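# Chain and residue survey
Each chain, written out:
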Amino acid sequence: MKKILLFIFTVLLLTACRDDYYEGDERIIIEGKVLYNNLPLTNAEVRVYPVYNATPNSGIISEINYNNPENNANYYSDNGNTISKTYTNNSGIISLSIPRNINTSVYAIKISRGYDSKVYGYISHYNTINYYVNLGTLNY
Amino acid sequence: MQKAILLLFALIGFAGKAQTENSKSNQNISFVNTFQFTIGFSNLSPNKSMMGDAHEEAFPSITARLGIFSYNRFTIGIHAALHRMSVKNNKYFGEFEKTTVFTPGFYLSYYQPITSESLFEPYISYDNSDYTTKGYEKELNSKSDGLGLGLDYQHKIGSKAYVTFGLKYSINKMRTNTHPDWEKYINNYNFLSAKVGFTFSKDRL
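Residues numbered from 1 in each chain as written. Chains lettered and ligands numbered in written order. Predicted model: local features only at pLDDT ≥ 70, side-chain atom pairs only at ≥ 80, totals over all residues.

All right, on to the overall build of chain A then. Scanning chain A for helices and strands turns up one helix and nine strands. Reading the helices (α) and strands (β) of chain A from amino to carboxyl end gives α-β-β-β-β-β-β-β-β-β. Classification of the 140 residues of chain A by burial places 35% in the buried group. A separation of at least 24 residues holds for 77% of the contacts in chain A among residues at least 6 apart in sequence. (Helix = DSSP H or I, 4+ residues; strand = E, 2+ residues; numbered from the N terminus. Buried ≥ 20, exposed ≤ 12 C-beta atoms within 10 Å, placed from the backbone. Contact = placed C-beta atoms within 7 Å.)

Here you go:
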C-alpha cells in the first residue's frame, strides 16, 4: 500500500511541474533595435518568454521595473520558460519569431549585457499586427 | 484514430480476399502485393527555411509503405515515416531540444524493369506530417502538408524480395499563419531523404 501511495505521489509531483505548451499554427515575428548610451548594443542576449498573469492595457513597450511595479501597472511575475533566444547584431537589431502559447498571448523580453539584464514588456495583442511586433528602439 | 485503423484492417482484409478472387481472372490487377521497410537519413540538404535552419540531419529515419491497389505497373498505397531531429539553431524556431516527425500519407508509384533482376520505381506521395518538439520544459506541436518525389532502385535477392535504395525530395508547407513578408521562410520546408531497406513484392520480375 505504501508503495502504491508513493508511486501516486511521485506521479502527481511530476505532473505538477509546469510545462509551457505551444502550437505552430501561428508565428509572431518580433523585430526591434537596442541602444546603449545612444549606440547600438551589440551581441546582447535577448530572451522572450511567456507571462501568465499580466494584463497589459496598452501596446507601449517599456522597461519593467521589479522594484516599482506602479510604474508598470501590470507587475509581472510567474514567467514561463524562454521560448526564443537570440543576440543583437552589430547594429543592435533584434529579429526572432515565437509560436503561439496556448495559455497566454502576453510575452516579455529580457535583454542581458554581461551580468546585467533588463526586462521589457509587454508583447500582447495591443502591439501585434498581422503576426508582427515592432519593438521600436529600446534604450538599455 | 481507432476508426482509421479499423478501416485500414478492413480494407486490407477485403483487398486480400479480392486478390484471391481476381488473381485468376485478371493478372493485371492485384491488391496488397507490395510492402517496403527502410531505414535511412532525413532532413538532408534542407532549403533556407525556419525548419531547415533549426534542425540537424535526422538518423535514423524509419519508413514503411504498403501497396493497396496495383494495376499493371502502377501502385497506389499508404506510407508512414518516423524520424527525430536535434535542434541546432533556435533563433527563429524557438528554444527546444528535439523534434519528432511522424508522416503518414498516400503514394502512387510506377515500376520500370531495367534488367532481369532490377528495376526503378519512381513515385509521388502526399505527406501529412506531425511535428512534436520538446525541450527545456516546453512542447510545440506543428503540422505540414507535403508533396514527395522519390525514386527507388530495387535489386532482386529472392523470389519476392528486393534490396532497395531510395532517394526522396519532400516539398512541405507548414500550416502556420505568420506575417506575409516572412511566410516563405517560415512555411516552405523542403529536404532530401535517403534510405536503404527491403521491398517484398509479387509478380514484378
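It is worth spelling out the confidence of the model for chain B at this point. All names here are of chain B. Taken as a whole, chain B shows an average pLDDT of 90; of its residues, 87% reach a score of 70 or greater. Here residues 1–26 is a poorly scored stretch, pLDDT under 50, and it has twelve contacts once near neighbours within four places are set aside; other chains count. Interface scoring of the predicted complex returns ipTM 0.82; its pTM is 0.84. (pLDDT = per-residue confidence, 0-100.)

Turning our eyes to something else, we now look at the environment of V163(B). Residue placement: V163(B) occurs in strand β8 (residues 161–174). Expressed as a C-alpha distance, the spacing of V163(B) and F200(B), which sit 37 residues apart in the sequence, is 8.9 Å.

Facing the 23 residues of chain A at the interface are 21 residues of chain B. Listed by contribution, the elements that provide at least two residues to the side of chain A that touches chain B are β1 (20–36), β5 (84–87) and β6 (93–101) of chain A. For the side of chain A that touches chain B, the element with the most residues is β1(A), which contributes nine residues. A breakdown of the residues in the side of chain A that touches chain B according to their chemical character gives nine nonpolar, seven polar and seven charged. Relative to strand β7 (residues 138–156) of chain B, β1(A) is paired through four bridges, and the arrangement is parallel. Residue pairing for β7(B): Y22(A) is matched across the bridge by L140(B). (Nonpolar A, V, L, I, M, F, W, Y, C, P; charged D, E, K, R; others polar. Pairing = 2+ DSSP bridges.)

Time to look at unusual backbone geometry. The amide bond that connects G121(A) to the next residue, Y122(A), takes the cis arrangement and shows omega of -5°. Looking at the element boundaries, Y122(A) is found in strand β8 (residues 116–123). Residue F59(B) is joined to P60(B) through a cis peptide bond whose omega torsion reads 0°. Looking at the element boundaries, P60(B) is found in strand β2 (residues 58–71). At S45(B), a residue that is not glycine, the phi angle is positive and equals roughly 45°.

Residues and elements named next belong to chain B. Sheet topology note: the strand β1 (residues 29–44)/strand β9 (residues 188–201) ladder contains nine bridges and is antiparallel. Across the sheet, G40 pairs through a bridge with K195, a residue of β9. As paired strands, β8 and β9 are joined by 13 bridges and run antiparallel to one another. By the bridge assignment, V163 is partnered in β9 with F198.

Here we take up the sheet that holds strand β7 (residues 107–113) of chain A. Residues and elements named next belong to chain A. Read from one edge of the open sheet, five strands run β4-β8-β7-β3-β5, paired in antiparallel fashion. Bordering the open sheet on either side are β4 (62–64) and β5, each of which pairs with just one other strand. Strand after strand, the sheet turns through a mean of 30° between neighbouring axes, direction not considered. (Axes fitted to C-alpha atoms, helices over the stretch in contact; angles between N-to-C directions.)

One finds I30(A), V48(A), Y107(A), A108(A) and Y120(A) to be the most contacted residues of the largest nonpolar core, which totals 42 residues. Among the elements of the structure, β1, β3 (45–50), β6, β7, β8 and β9 (132–139) of chain A together with α2 (50–54) and α3 (183–187) of chain B are those that each provide at least two residues to this core. It is β1(A) that contributes the most residues to this core, five residues altogether. (Core = buried A, V, L, I, M, F, W, Y, C linked by C-beta atoms within 7 Å.)

Attention shifts here to the environment of S42(B). All names here are of chain B. For S42, the position within the fold is in strand β1. Expressed as a C-alpha distance, the spacing of S42 and L82, which sit 40 residues apart in the sequence, is 9.5 Å. Ignoring any residue separated from it by four or fewer positions in sequence, one finds S42 in contact with A58, S61, H83, F191 and S193.

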